[in-house]
Amino acid sequence: VTTTETPETTHDALFFASHDEMLGGAAPFLRDGLEAGEHVVLICDDDTGAALAGALDHDQRITVLPREQVYQRAPEAIATYREFVAEQKDNGVRRVRVAGEIGFTGQEADWTEFVRFEAGLNDGFEASLSNLCMYDRRALDRDTLVAAAVTHRYLRTNGERIENSRYVDPADVLRRVSAPAPDPVGAGGATLVVDALDRLSELRRLVREIVGHAAPEASPDDVDNLVIAVNEVAGNALQHGTGNVRVRLWVTRERAVCTVSDAGDGFLDPFVGILPEPPDNLSDDGMGLWLVRQLCDEFTAYRTRDGFTVRLAIRFH
Amino acid sequence: VTSIREESLDLGWDGHLLLLHRSEDERRDALAAWVLRGLDLGERVVFAERDDDPPDRSLPNVLRQRGVDVATASEQGRLHALPAREYYPEGGQIELLHQAREEGFSAIRITTETRTALTVLSVRAYAEAESTLEFLCSTQPMSALCQYAPGETPGGVVQNGYERHPAVRDAQLQSRREDGTLLLAGEIDQQNSDVLEATLRAATANTAEDMLWIDLSRVVFLEVHACRALVMGTQHFRDDGGDVVLHSPTGGVRRALRLLGVHLQPRITLVRERP
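None of these values were measured; they are calculated from a predicted model.

Glancing now at the overall build of chain A. Scanning chain A from N- to C-terminus turns up 10 helices and 12 strands. Classification of the 317 residues of chain A by burial places 56% in the buried group.

Shown next, in the form of structure tokens:
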């Protein structure tokens with residue numbers, strides 16, 4: 001089924017295994033945008049970016065953003081997209097067209113992050129973004145390609161736009177990825193075990209003490225981020241959870257993983273903390289989890305037999 | 001290294017101090033530290049307690065548990081117990097200082113709990129006594145630790161307490177205000193952000209200043225609830241044209257403030273150092 005362009009936010013996927021397939025899918029999409037007076041953003045590797053810019057005659061309305069900086073953590077990437085769109089709107093550009101070449105390493109943690117990013121892109125924007133995610137079949141692993149296949153409503157190929165029969169509602173996707181495989185660090189005994197949390201200040205003191213011993217080379221910023229994140233999730237459980245709040249912390253030289261569990265139902269909205277919140281919304285309950293997601297490398301929330309668990313992890317630099 | 005750091009982060013035990021305690025352990029720890037400071041300085045420590053209190057609650061017992069020779073201190077008049085009525089003499093608490101001077105002390109510190117004070121004073125008389133004490137502590141060699149249990153004290157009394165004390169302490173947070181500056185030290189989270197908010201309201205309630213400097217250099221932790229308290233506690237002041245400058249935050253504190261957009265709120269500025 002071929003469809004015509006709609007004014008709403010679009011989020012399409014292009015799968016390619018050759019230079020021609022890439023150009024054949026992406027160049028018409030971008031050219032349509034330029035012809036309609038839109039601006040174009042390329043977030044690609046150098047070769048792909050150069051090929052696309054060349055195909056578009058190096059139009060001056062093309063902006064190139066560094067791929068490594070944009071695709072770090074899902075909320076930041078979404079925030080970057082949002083900021084760019086807002087900036088262009090201020091300049092009188094009514095719509096932005098993005099071609100982003102996705103490059104994740106395929107580790108489990110990166111993969112869930114990536115699914116969140118893709119799912120977040122579907123819901124997070126006003127009608128001013130046309131987004132094309134490009135996947136190099138030769139470079140990406142199967143899990144990433146499968147995830148990409150279910151998170152895009154439309155597929156692009158050779159100038160055509162085709163409805164994706166494998167598309168799944170983003171909320172369902174997020175729920176589906178929210179029961180994580182056991183973490184390798186989590187397999188051993190935890191460094192910190194708290195079964196009935198009482199004072200957050202005491203928890204923070206313990207976290208600092210343990211990291212100081214187990215990861216003495218962790219940067220002060222990373223330690224601060226971990227303390228803020230653990231405090232926020234634990235405080236959330238104290239405030240909104242049911243029964244005793246249980247905390248487990250595993251710390252190695254490279255990384256810290258923390259789980260916070262209670263007997264309640266947890267938060268049902270899989271988007272909590274993913275979308276950027278306006279800065280005047282400090283009273284919003286989601287603000288704390290949003291902050292946590294800015295500070296962590298991994299964040300998952302899932303139901304267990306006994307209740308609800310949030311797991312977060314930070315890599316030390 | 002730790003002790004030096006802790007010491008420099010502490011805003012001290014002198015002046016007219018509001019102690020907010022949420023448990024008996026917290027009250028005893030703070031009370032003992034405050035008394036020991038006075039005994040170290042050679043000051044007279046005056047205290048009043050309720051007759052119907054259980055013995056383990058009493059100051060002599062609290063001090064004995066911490067190894068203080070209470071009998072000798074009492075004998076020498078360094079530790080001086082008074083009935084609640086005499087703690088509030090008719091001529092005002094300046095008399096307690098005169099008395100101590102006659103007995104050779106150059107300075108005194110006095111303490112009681114609100115629940116004790118309210119057995120002999122009306123709420124209004126107590127508010128007046130706090131005002132007088134605020135004046136005495138800023139002009140005389142006198143300091144006072146006023147012990148408030150926020151959960152068990154009428155709201156109006158607690159609010160007046162915030163306004164009458166330039167220094168406020170709970171188990172995690174200390175603050176001290178002087179002309180247009182509020183010094184904060186310690187940690188602020190969801191379990192004490194109400195203290196910060198009330199402190200800010202009091203600091204901005206009856207001020208002639210149009211700018212409030214908030215020194216964050218001794219704050220080692222804050223989060224979302226604390227940021228909300230910073231915004232809400234200064235809302236009135238800013239709505240009336242006042243400006244708030246947050247300065248000298250440490251790394252993690254600065255990051256939290258920026259990520260949460262506190263510095264984007266109207267009339268709130270965040271600077272690395274006070275110029």
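Turning our eyes to something else, we now look at the packing of helix α8 (residues 200-214) of chain A against helix α9 (residues 220-240) of chain A. All names here are of chain A. It is at 10 Å that the axes of α8 and α9 come closest, and there the two elements cross at 145 degrees. Helix-helix and strand crossings are classified by hand; for α8 and α9 the assignment is right-handed. Residues Leu200, Leu203, Arg204, Val207, Arg208 and Val211 of α8 form the contact with α9, whose participating residues are Val223, Asp224, Leu226, Val227, Val230, Asn231, Ala234, Gly235 and Leu238. Of the residues in the contact of α8 with α9, the class split is 10 nonpolar, 2 polar and 3 charged.

Turning to the pairing of strand β7 (residues 160-163) of chain A, a few remarks are in order. Put simply, side chains in a regular strand alternate between the two faces of the sheet. Residues and elements named next belong to chain A. With 4 bridges connecting them, strand β6 (residues 154-157) and β7 associate as antiparallel partners. Each bridged residue has a counterpart across the sheet, and for Thr157 the counterpart in β7 is Glu160. Count of turn residues in the β6/β7 antiparallel hairpin: 2 residues, of which Asn158 carries a positive phi of about 45 degrees.

On to the environment of Gly77 of chain B. Residues and elements named next belong to chain B. Mapped onto the fold, Gly77 is located in the loop between α4 (70-75) and β3 (79-82). Using a relative accessible area of 11% as the deciding quantity, one classes Gly77 as buried. Sequence spacing of Gly77 and Ala144 is 67 residues, and the spatial spacing of their C-alpha atoms is 18 Å. When residues no more than four places from it in sequence are discounted, the contact partners of Gly77 are Arg44 and Phe105.

What follows covers the interface of chain A and chain B. Where interface size is quoted, it is often the accessible area lost as the parts come together. Contact residues are listed per partner, giving 28 residues for chain A and 24 residues for chain B. Carbon and sulfur atoms make up 52% of the area that chain A and chain B hide from each other, which totals about 2,100 Å². Area buried by chain A at its contact with chain B is led by Arg199, Arg204 and Leu282 of chain A, which between them contribute 29% of it. Inspection of the chain A/chain B interface yields 3 salt bridges. For Asp221 of chain A, the salt bridge identified is with Arg255 of chain B, shortest N-O distance 3.2 Å. Summed over the shared surface of chain A and chain B, the number is 11 residue pairs in polar contact (both at pLDDT 80 or more). Elements with a minimum of two residues in the side of chain A that touches chain B: α8, α9 and α10 (286-295) of chain A. A total of 11 residues in the side of chain A that touches chain B trace back to one element, the largest contributor, which is α9 of chain A. Tallied by class, residues from the side of chain A that touches chain B come to 10 nonpolar, 9 polar and 9 charged.

Basis of the calculations
- Residues numbered from 1 in each chain as written.
- Chains lettered and ligands numbered in written order.
- Predicted model: local features only at pLDDT ≥ 70, side-chain atom pairs only at ≥ 80, totals over all residues.
- Heavy atoms only, no water.
- Helix = DSSP H or I, 4+ residues; strand = E, 2+ residues; numbered from the N terminus.
- Buried < 20%, exposed > 50% of the residue type's maximum accessible area, 1.4 Å probe, protein only.
- Axes fitted to C-alpha atoms, helices over the stretch in contact; angles between N-to-C directions.
- Left-handed = near helix turned anticlockwise from the far one by under 90°.
- Contact = heavy atoms within 4.5 Å.
- Nonpolar A, V, L, I, M, F, W, Y, C, P; charged D, E, K, R; others polar.
- Pairing = 2+ DSSP bridges.
- Buried area = accessible area lost by both parts, 1.4 Å probe.
- Salt bridge = Lys/Arg side-chain N within 4 Å of Asp/Glu carboxyl O.
- Polar contact = N/O pair within 3.5 Å; in protein donor to acceptor, adjacent residues only side chain to side chain.

Nothing here speaks to function; it is geometry throughout.
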